Every structure is written in C-alpha cells, then in structure tokens.
Amino acid sequence: MGRTKTKKPVRSSTAAQKAETSTATTREAPSTISLFEKAQELVVQCNYDLARKFLLRVLEQEPSLGSARELLGEVQLEMGELDTAKETFNSLLPPSPYAPITPSSSAHLNLAQLADDPQEALKHYQVATDILIAQLKGKDRAVTDVDVEAEVKTKAVGALVAMVEIWMSDLCFEDEAEATCDKLATLALEIDPTSPEALQTLASIRMSQKRTDDAQQCAERAWERWRDLDPDSPSMPSLPVRMSLARLFLELSLYSNALAILSGVLAVDDQEVEAWYLEGWAFYLMAEYSREISAPVAELSWEELSRDAMDCLETCQTLHQSQGHPDEQILQHATEIIAELSAAGVKPSPEEEVLEDTGDGDNDAWEDEDEDGDGDVEMQ
C-alpha cells in the first residue's frame, strides 16, 4: 500500500474572514486628526450634517478634545440645534470632566449669544474678555504669532462691543449704564486703537450723549481705517459693521458718506435687505432737506431724490417679502415711505433705468464725490 498523504489543517472560512476584517480595521482605522481635519473641510463646504457625524466619531475616540467639541457646538448652531449647542458649549466649562485645562473663550462667547438673560450674557462676555486679555499680556501670554494676536484682539473687542450693546439696549435705564459703556469702549480702544468696530461703538455712545461733534469724529476715524481698502481685503469689516456705520452717518446727516458705504455693501451683496432700506432712507432724507431749502442736494432735485428713494425702498420691499426677512420694522417703515411718496405724485423709475442705476457707475459716483472729503451732504 502506498503511504497515505497527511492532510493540512483546513482554516475555517469564518475565522479567516474575522482575521482579515480585524487586520483591515486595524490598518485602515482613520486617526482622530484625520477625522477632525475632514470635519473642518466639511464645515467650510457647509456640509454640517456630515461634519457632525465626523466630529461625533472624533469624540468617541477622544472625548476630551476641546477643539472638536467647540466645532461640534458651532455645527449644531448652524443646524439650528440651539439647546443641543448650549449643552455642548457648557460641557467645555468647569466642573465638566471635558473642560480643557486652558479655558475656552469661544465657549463663553457662544454661550453669551445663546443666553436668554442679559446678565447671563454679560457674565459670559466678561469671562471671555478676561481669558482673551490674559492671552495678550503678562505671564499668561500665549500669543506670539502676529495673525493670531490680531484674531485674539478682534475677539476681545467684539466681546466688549457686545457688552456695550447690551448696556445701551436691555440695561439702558440702569444708573451705571452710561459710565459702564464709556469704560468698556475705552478698554476696547486700549486693546486695539485702530479697531473700526470700537470706534463706531464709541461714536454710538457719544450720539446717545448728544455729543454729536465727538460722535462724528469717531465715526470718520472708523471709516478712515478701511474706506480705501480693496473690497476683498481681509481687513474689511463685515457687512453688518459697515451698515452700522452707515446708520451712524445718517444720524449725523452725512448722507454722502452713508451712500458711499451702502453702495459698497450692495456691490458685495445686492440681496441685502437692510442696505436697500438704508439707501432708500438716505435718499428720502436728502429729498426732505432739498424741499426744506428749496434747492437741489448733491446736484439732485427733490423729484430725482424722491424717485431714487422709492426705487430703493421698493427693492427692499420685494427682497424682504421674498426672503421672509425677520425685521418687520424695516418693511413697515419702507411701506410707509413708499405710500407717502406715492401720495406726493412720485413714480418709480422705469425698470430699465433701475437696472442701470444699480450698476457700477452709480456706486463710483458716490465714492468720487467724497474723495477730497468735501462731498458730504450735511443738514445744518
């Protein structure tokens, strides 16, 4: 008889699959860093739902990673999950086990904006400001990069400005409101003397104090910081900050300044409801002044100014309704002015003229008028 061949042991197919799966999982499991970086990319792409899934995976692997927890809270904010976002930001504060060793200013800033009570908001803004100032000076100084330092200053100034706004609105009848606003604005300018936002805030305070000359000086200094910058410059203030300055100029009856700023805003976003409203309001005020002095203003007659006002306000009205804009006061005021102008016999421009007037040429006209600083239209 021939020798019987020894059979090799047969490996179970199930065991083989498990081994291969385990090896593949070990080899292909993404790192915490790669997951977090992917989540950051998705946030930039505004893919918040998928970004949240990646961030939750990151926190499963490393629950104490503060940067991922902060970004998760911001994603939840973008998705409208306010209560969940509040819980996430609170988890970054002591006595939470996930609170980072270095206090999170961003968590406090976000919680301030989510606060229902003005005092609670002030508390979070104050803590955030203290953290940011500590990063800028003294033994706690943690900022060495110039760009990072500028960002920290911007956050600190923004927190102080937000505190001023609370004191000037919700807490305006408190005895210490005026002195507190002055103190906060002064501190903001100590942190960044060139901050347009801080200068505008001081201008608003001076307006509330009836110190119009000081208010005008601060507003003009704020505008000087960025009026000649390239529209794409990262140093350009946000559109809301620019519109806030335009409002100040309207209160000061500096109409050309306001119109120059607003035309720049609309060049960036011609769907901005508030910008159209403010531009229409500016033309309306100029028309009223023209009628008062029985003379053209900025070489425009009462009829021309009134028509421009109606064109802007009708655009505002249309955009407000199509977007479902939340500020009903804008729509109400625009509608009232349109009705007043219509009763006075003012008719809107033909559609083709409106399209021409919203082009680049009209924006340049207001910029050019004020190049030498003498083009301001000011009521006496």
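Please refer to the structure higher up on the page.
Everything numeric here is computed off the predicted structure, so don't read it as measured data. (Residues numbered from 1 in each chain as written. Predicted model: local features only at pLDDT ≥ 70, side-chain atom pairs only at ≥ 80, totals over all residues. Heavy atoms only, no water.)

Focus: unusual backbone geometry
How we decide: Each helix is a run of H or I in the DSSP string that is no shorter than four residues. Each strand is a run of E no shorter than two, and both are numbered from the N terminus.
In this model, Pro94 is joined to Pro95 through a cis peptide bond whose omega is 10°. One non-glycine residue, Ala298, lies in positive phi territory at about 55°. Structurally, Ala298 is set in the loop between α14 (273-293) and α15 (302-323).

Comments concerning the packing of aromatic side chains
For the record, the criterion: Pairing of aromatic rings covers Phe, Tyr and Trp, the last counted by its six-membered ring, and requires centre-to-centre distances within 6.5 Å; plane angles under 30 degrees mean stacked, over 60 mean edge-to-face, and any other angle means tilted. Note on classification: 1.4 Å probe, protein chains only; a residue is buried when its accessible area is under 20% of the maximum for its type, exposed when over 50%, partly exposed between these limits. Cation placement over rings: the criterion is NZ of Lys or CZ of Arg within 6 Å of the ring centroid and within 35° of the ring normal.
In the structure shown here, the tally under the stated rule is two aromatic pairs. Aromatic pair Trp223 and Phe249: ring centres 5.6 Å apart, planes at 65°, arrangement edge-to-face. One end of the pair, Trp223, is in helix α11 (residues 212-224); the other, Phe249, is in helix α12 (residues 239-251), and 26 residues separate them in sequence. Phe249 carries the same exposure label as Trp223, and that label is buried. When the ring of Trp281 is compared with that of Tyr284, the centres are 5.5 Å apart and the planes differ by 15°; the resulting orientation is stacked. Of the two residues, Trp281 and Tyr284 both sit in helix α14, three residues apart, roughly one turn of that helix. Overall, the relative accessible area of 10% leaves Tyr284 in the buried class. When the ring centre of Trp223 is taken as origin, the NZ or CZ atom of Arg227, which lies over that ring, is 4.0 Å away. Between Arg242 and the ring centre of Trp226, over which it is positioned, the NZ or CZ distance is 6.0 Å.

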